[in-house]
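# Commentary on secondary and tertiary structure
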Amino acid sequence: MSTGIVTAIVPTVVSGGAFATNRVRKACQANDALQTTMNSVVASGQIERAAECSANIAKETEGGLSNVVLSAKEQIEKVSAAEGKQIGSFAKRFSSFFNGFKEFAKFVGDNVNKFIILTSLFKVAKSDDKLRDGIIEGASVTGMLAVAEPSYKRFVGMSTYERKNGELIVNKHTGLYKKYLPFAEKAEEAINDYCKTKKLLGMSLEHAPKIAKGIGLVASSMLGYYTFGKAAEYACDKILPAKQKA
């Protein structure tokens, strides 16, 4: 088992699933079709990235997960190869649309932050008070994408990704906490060793520290969006003319 790649990817799978769930919720709660569509597009990219990372984990592990994911992948490829001879024109067109959407979802996953910004721009464009809401939304998204998330990722050493020749390449990083907290590396090893020997409700806790790292990114992202947004809201209340507030 290649533990390095699994350690690098698991936090992304966890955080990606949580981010996608939140985007789906926003899509359901949106007041207009455009916002629903934009949030759904962002969610599709986040889901695709999490799914692609999950498949990469399966390739590097042994046992049930690997067998299930890779077997399903092989079956899908067999069906796809045979479909041209076995299905009608409508099914062919549907299959072509589905494959195109999958490629689009990959593109969104590779550029998800840009689509999040675009979604926020559309949100502000539909607002009754574009100046105030633009300042607040701009500060919120900046705090989330430019401050909170990259700072957290750099501190804990979360992986980054890039696509080369259609393949998702994992770039592993060493967290800053190991540089600035001398005791951190030994503490991390002790926690990992402890979790490998423990179970909760019959399930191994081996990957619990990696899952916690992914959850931490979600919490950091939400905190960045909330705190920067609240600060901008406070500034708007103090600075903007009264006619801009309501």
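What comes next concerns the included structure. All values derive from a computational prediction rather than experimental measurement.

## What about the nonpolar core?
By size, the foremost hydrophobic cluster in this structure holds nine residues: V41, V42, V108, V112, F115, I116, V141, M144 and L145. Within the residue set of this core, elements represented by two or more residues are α2 (33-60), α5 (112-125) and α6 (130-156).

## Quick notes on the pattern of salt bridges
Applying the stated rule across the entire model yields eight salt bridges. The shortest N-O distance in the salt bridge between E137 and K123 comes to 3.4 Å. Of this pair, E137 sits in helix α6 while K123 sits in helix α5, and the two are 14 residues apart along the sequence. Under the relative-accessibility criterion, E137 is labelled buried at 9%. Residue classification places K123 among the partly exposed positions, given a relative accessible area of 41%.

## Quick look at the packing of aromatic side chains
For the coordinates displayed, the defined rule picks out three aromatic pairs. Residues F104 and F115 carry aromatic rings whose centres are separated by 6.3 Å and whose planes lie at 90 degrees to one another, so their mutual orientation is edge-to-face. Of this pair, F104 sits in helix α4 (residues 89-110) while F115 sits in helix α5, placing them eleven residues apart in sequence. Aromatic rings pair up to connect F104, F107 and F115 into one cluster. Against the face of Y225 rests K26, its NZ or CZ located 5.4 Å from the ring centre.

Reading the values: the criteria
- Residues numbered from 1 in each chain as written.
- Predicted model: local features only at pLDDT ≥ 70, side-chain atom pairs only at ≥ 80, totals over all residues.
- Heavy atoms only, no water.
- Core = buried A, V, L, I, M, F, W, Y, C linked by side-chain atoms within 4.5 Å.
- Buried < 20%, exposed > 50% of the residue type's maximum accessible area, 1.4 Å probe, protein only.
- Helix = DSSP H or I, 4+ residues; strand = E, 2+ residues; numbered from the N terminus.
- Salt bridge = Lys/Arg side-chain N within 4 Å of Asp/Glu carboxyl O.
- Phe/Tyr/Trp six-rings, centres within 6.5 Å; stacked < 30°, edge-to-face > 60°.
- Lys NZ or Arg CZ within 6 Å of the ring centre and 35° of its normal.

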